[in-house]
Amino acid sequence: MLSNQAGDGKRSSVHGHWSSRMAFILAVTGSAVGLGNIWKFPYIAGQNGGGAFVLVYLLCVVLIGMPVMMSEILIGRRGRRNPVRTMELLGQEEGGSRHWKLVGGMGVLAGVLILSYYSVVAGWTLAYILKSVSGAFVGATPDAVGAQFGNFVGDWRLIGLAHTVFMALSIFVVARGVERGLEQAVRFMVPALLLLMLLLLGYSINSGYFGQGLAFMFTPDFERLTWGSVLAALGQAFFTLSIGMGAVMAYGAYLPEETSITGASAAVVTADTAIAMLAGLAIFPLVFANNLTPADGPGLVFNTLPLAFGQMAGGVFFSTIFFVLLSFAAWTSAIGLMEPGVAWIVEHFNKTRAQATIAIGLLIWVIGFGSVLSFNVLSDFKFLAGTIFDNVDYLTSNIMLPLGGLLIVVFAGWVMCRNSTSDELGTSGALFKVWRLLARFVAPIGILIVLINAVR
Ligand code: TRP
């Protein structure tokens, strides 16, 4: 991805466009598909009552997520710098203000905060690889699987160690700039993950409770929908698509001129949404089949999927593969979360990539202990949204990402001149008009209405 196309300015690529376009789509898909789809989506949907939440989430993905993603990519490609500098540069060029760089700055901060707790959960998936291999789930009862999770996260040294291992892996990859190797991993990981989700789906269709799971996910009960859950749906849309914090903008900076931004965005959004829906369809039937509650919280996936693996033939094998793939998915997302910060430090402070990564990585690692301790030592220490973990999650997903997204679409839709955006999107026809309508009106107004009603 960070090949010689980067920073060459306009019209590049003697290296065949297809592979660069693919590289970009793979990098963005790798960042989008992660814990957000398989761990977070089911538990947030469960906490917010299912059906109506899912519907709002899907609307947010299409009407807000899609135009925000396109805006981010086009801004990134036009600026071709790190998100802070890009926003500053284009802000001056298009709107005569340097303050737009604050949007980039907030993105860098959001990336740091998100990875601080993301890495903790990614550590759980690493640990669950070992549990799977050791056969810990074979024939296990719901109580036993629940107790395993409880005991595990209850020990801060264990999950602290897992968090440390995951951060070390992420720092290692980003510092060496070997994202290209990971592209190969994504190429294999996303289809493999899809296959395994289909296998789990098959299992849950056979569980006898598939209808109940389906009904939970797709029968909207608007009585139960609060502004709080609408905000959760909006936040989840931003989180799962990796938008609102400049990550996609940073990746867009390395995108060849002639690649279709709309096509790339549509591919990423489709893959990401499909995986989240499959995760929900695999998990909720298991919840009902085993008398668990959908509103179980962050442990939901770790309390349900091992049950299915524990009962199926070849479960040890499939369970191991599944947690390996999920760890990979988390890994490729971690890289995207660091990219804005690393790119900014490299350009702004003239540091090497390795130095920048280690600095940011250590900061994230330290902050992460707030989330590590939220499940044990400090589990009773609650304020505002709950534990430290809950607060970091709420602040980033529900406030910083939507706010970042709002400013990004306003910038692309209102501050940038029409020609710059139609030039980047490669059309001024119907598609462009739809994008512009969404970016200027639907997305900003939608985000504002949700934010105002939910937060006041
Ligand atoms: N989309 C990722 C997931 O679903 C999480 C994420 C949020 C992310 N913002 C990001 C990943 C920015 C990379 C870059 O797991």
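Each chain carries its own residue numbering, running from 1 in the written order of its sequence. Local features are withheld for residues below a pLDDT of 70 in this predicted model, meaning they are given only at 70 or higher, and side-chain atom pairs are given and counted only at 80 or more; totals for whole chains, interfaces and linings count all residues. For side-chain calculations, the full set of non-hydrogen atoms in the structure is used, while hydrogens and water are omitted.

### Brief notes about the overall build of the protein
Alright, step 1. Along its length, the protein carries 18 helices and zero strands.
Alright, step 2. What you see for the protein is a C-alpha radius of gyration of 21 Å, in line with the 23 Å of a compact globule of 456 residues.
Alright, step 3. Reported as C-alpha extents along the three principal axes, the dimensions of the protein are approximately 60 × 50 × 45 Å.
Alright, step 4. Burial status follows relative accessibility: with a 1.4 Å probe on protein chains alone, a residue under 20% of its type maximum counts as buried, one over 50% as exposed, and anything between as partly exposed. Going through the 456 residues of the protein one by one, you find that 60% of them count as buried. Each helix is a run of DSSP H or I of at least 4 residues and each strand a run of E of at least 2, with the numbering of both proceeding from the N terminus. In this description the radius of gyration comes from C-alpha coordinates, and the expected globular size is given by 2.2 Å times residues to the power 0.38.

### Description of the environment of Y117
Alright, step 1. Here Y117 lies in helix α5 (residues 101–133).
Alright, step 2. Note on Y117: relative accessible area 0%, which makes it buried.
Alright, step 3. Contacts between residues were defined by any pair of non-hydrogen atoms, one from each residue, lying within 4.5 Å. Contacts of Y117, omitting those with residues within four sequence positions, involve W39, K40, F239, S371, F389, V392, D393, T396 and S397.
Alright, step 4. Reaching out from Y117, the side chain makes a polar contact with the side chain of D393 at a distance of 2.9 Å. Two N or O atoms form a polar contact when they lie within 3.5 Å of each other; inside protein one atom must be a possible hydrogen donor and the other a possible acceptor, and for residues adjacent in sequence the pair counts only when both atoms belong to side chains.

### Structural notes on the site of the ligand
Alright, step 1. Within the structure, the ligand sits among 15 residues, and A32, G36, Y118, F239 and S242 are positioned closest to it.
Alright, step 2. Within the contact set of the ligand, an oxygen atom lies 2.8 Å away from a backbone nitrogen or oxygen of G36.
Alright, step 3. Contact between the ligand and F239: a nitrogen atom at 2.8 Å from a main-chain N or O atom of the residue.
Alright, step 4. Residue-level accessible areas treat just the shown protein chains as cover; the underlying method is Shrake-Rupley with a 1.4 Å probe. Its free accessible area being 360 Å², the ligand has 100% of it covered by the protein chains.
Alright, step 5. The way it works is a 1 Å grid over only the protein atoms, where trapped points that fit a 1.4 Å probe form a cavity and open points with protein on both sides within 12 Å along at least five of seven lines form a pocket, and then any residue with an atom within 4 Å of a point lines it. To be counted as sitting in a cavity or pocket, a molecule needs more than half of its atoms within 2 Å of that site's grid points. Here the ligand is seated within the largest cavity.
Alright, step 6. Listed by contribution, the elements that provide at least two residues to the shell around the ligand are α1 (17–32), α2 (35–47), α10 (227–241) and α14 (315–349).
Alright, step 7. Note on residue categories: nonpolar means Ala, Val, Leu, Ile, Met, Phe, Trp, Tyr, Cys or Pro, charged means Asp, Glu, Lys or Arg, and polar means any other residue, Gly included. Considering only residue class, the shell around the ligand consists of seven nonpolar, eight polar and no charged. Any residue with a heavy atom lying within 4 Å of a molecule or strand is counted as near it.

### Describing the packing of helix α4 (residues 83–95) against α5
Alright, step 1. The geometry of α4 relative to α5 is characterised by a closest axis approach of 7 Å and an angle of 165 degrees between their N-to-C directions. Looking at the two axes, α4 sits roughly antiparallel to α5. Helix-helix and strand crossings are classified by hand; for α4 and α5 the assignment is right-handed. Contacts between α4 and α5 involve P83, V84, M87 and E88 from the first element and K101, V103, G104, G105 and V108 from the second.
Alright, step 2. When grouped by side-chain class, the residues that make up the contact of α4 with α5 number five nonpolar, two polar and two charged. Note on geometry: axes are lines fitted to C-alpha atoms, helical ones only across the stretch in contact, with angles between N-to-C directions running from 0 to 180 degrees. An angle below 35 degrees is read as roughly parallel, one above 145 as roughly antiparallel, one from 65 to 115 as roughly perpendicular, and any other as oblique. Helix crossings get a hand from a simple test, with the near helix turned counterclockwise from the far one by less than a right angle marking a left-handed crossing and a clockwise turn marking a right-handed one.

### What to know about empty space enclosed by the protein
Alright, step 1. Grid points are joined across faces, edges and corners, and a volume is the space filled by probe spheres set on the points. Counted under the stated rule, the structure contains three cavities of 30 Å³ or more.
Alright, step 2. Empty space within the largest cavity amounts to approximately 140 Å³.
Alright, step 3. If you go around the largest cavity, you meet 15 residues; those closest to its centre are S31, F239, S242, S333 and L337.
Alright, step 4. Residue assignment for the lining of the largest cavity shows that the elements contributing at least two residues are α1, α5, α10 and α14.
Alright, step 5. The element contributing the most residues to the lining of the largest cavity is α14, with three residues.
Alright, step 6. Residue composition of the lining of the largest cavity, grouped by class: eight nonpolar, seven polar and no charged.

### Focus on unusual backbone geometry
Most peptide bonds adopt trans geometry, and most residues besides glycine take a negative phi value.
Alright, step 1. In this model, N291 sits at a positive phi of 60 degrees, which is unusual for a non-glycine residue.
Alright, step 2. Tracing the backbone through its elements, the reader meets N291 in the loop between α12 (261–289) and α13 (300–311).
Alright, step 3. Take N291: its relative accessible area is 73%, and that puts it in the exposed class.
Alright, step 4. One non-glycine residue, N350, lies in the positive phi region at around 60 degrees.
Alright, step 5. Along the polypeptide, N350 turns up in the loop between α14 and α15 (353–373).

### Structural notes on the pattern of salt bridges
Alright, step 1. Here a salt bridge means any side-chain nitrogen of Lys or Arg lying within 4 Å of a carboxyl oxygen belonging to Asp or Glu. Under the counting rule described, the total for this entry stands at ten salt bridges.
Alright, step 2. Here R80 and E257 are joined by a salt bridge, their closest N and O atoms 3.0 Å apart. Of this pair, R80 sits in the loop between α3 (51–79) and α4 while E257 is found in the loop between α11 (247–252) and α12, placing the two residues 177 residues apart along the sequence.
Alright, step 3. R353 is the partner of E339 in a salt bridge, and the nearest nitrogen-oxygen pair spans 3.0 Å.

### A look at α2
Alright, step 1. For α2, built from 13 residues, the straight-helix expectation of 18 Å at 1.5 Å per residue is met to within 8% by its first-to-last C-alpha distance of 17 Å.
Alright, step 2. At F41, α2 shows its maximal kink, close to 35 degrees; a proline, P42, follows between one and four residues later.
Alright, step 3. With twelve of its 13 residues buried, α2 lies for the most part within the structure. Take the residue count of a helix, subtract one, and multiply by 1.5 Å to get its expected span. The bend at a residue is defined as the angle formed between two axes, one fitted to the seven residues ending at that residue and one fitted to the seven starting there.

### Structural notes on the nonpolar core
Alright, step 1. Membership of the largest hydrophobic core comes to 149 residues, with the highest contact counts inside it found for I75, W124 and F322.
Alright, step 2. It is α5 that contributes the most residues to this core, 17 residues altogether.
Alright, step 3. If we skip the residues at most four places from it in the chain, W124 touches W39, F149, F152, V153, I159, P298, F302 and F375. The term nonpolar core refers to a set of buried residues drawn from Ala, Val, Leu, Ile, Met, Phe, Trp, Tyr and Cys, joined through side-chain atoms within 4.5 Å.

### Remarks on α15
Alright, step 1. In a regular helix each residue adds 1.5 Å, so 21 residues correspond to 30 Å; α15 covers 30 Å between its end C-alpha atoms and thus fits that length.
Alright, step 2. All of the buried residues in α15 are A356, T357, I360, G361, I364, G368, F369, G370, S371 and V372.
Alright, step 3. In this fold, the buried residues of α15 make contact with α5, α7 (156–176), α14 and α16 (388–415).

### Observations concerning the layout of surface pockets
Alright, step 1. The calculated volume of the largest pocket comes to roughly 310 Å³.
Alright, step 2. Lining the largest pocket are 16 residues, and of these Y43, I44, Q47, D393 and Y394 sit closest to its centre.
Alright, step 3. Every element with two or more residues in the lining of the largest pocket is listed here: α2, α10 and α16.
Alright, step 4. At six residues, the largest contribution of residues to the lining of the largest pocket is made by α16.

### A closer look at a nonpolar patch on the surface
Alright, step 1. The patches reported here contain residues having more than 30% relative accessible area and no salt bridge. Joining distances are 9 Å for like charges and 5 Å for nonpolar side chains (Val, Leu, Ile, Met, Phe, Trp, Tyr). A contiguous nonpolar patch, built from L55, L59, V62, L63, F222, W227, W414, L437, F441, V442, I445 and I449 and spanning about 1,100 Å² of accessible area, is present on the exposed surface.
Alright, step 2. Mapped by element, the contributors of at least two residues to the nonpolar patch are α3 and α18 (430–455).
Alright, step 3. Considering every element that reaches the nonpolar patch, the biggest residue donor is α18, with five residues.
Alright, step 4. Positionally, L63 belongs in helix α3.
Alright, step 5. Here L63 falls in the partly exposed class, since its relative accessible area comes to 35%.

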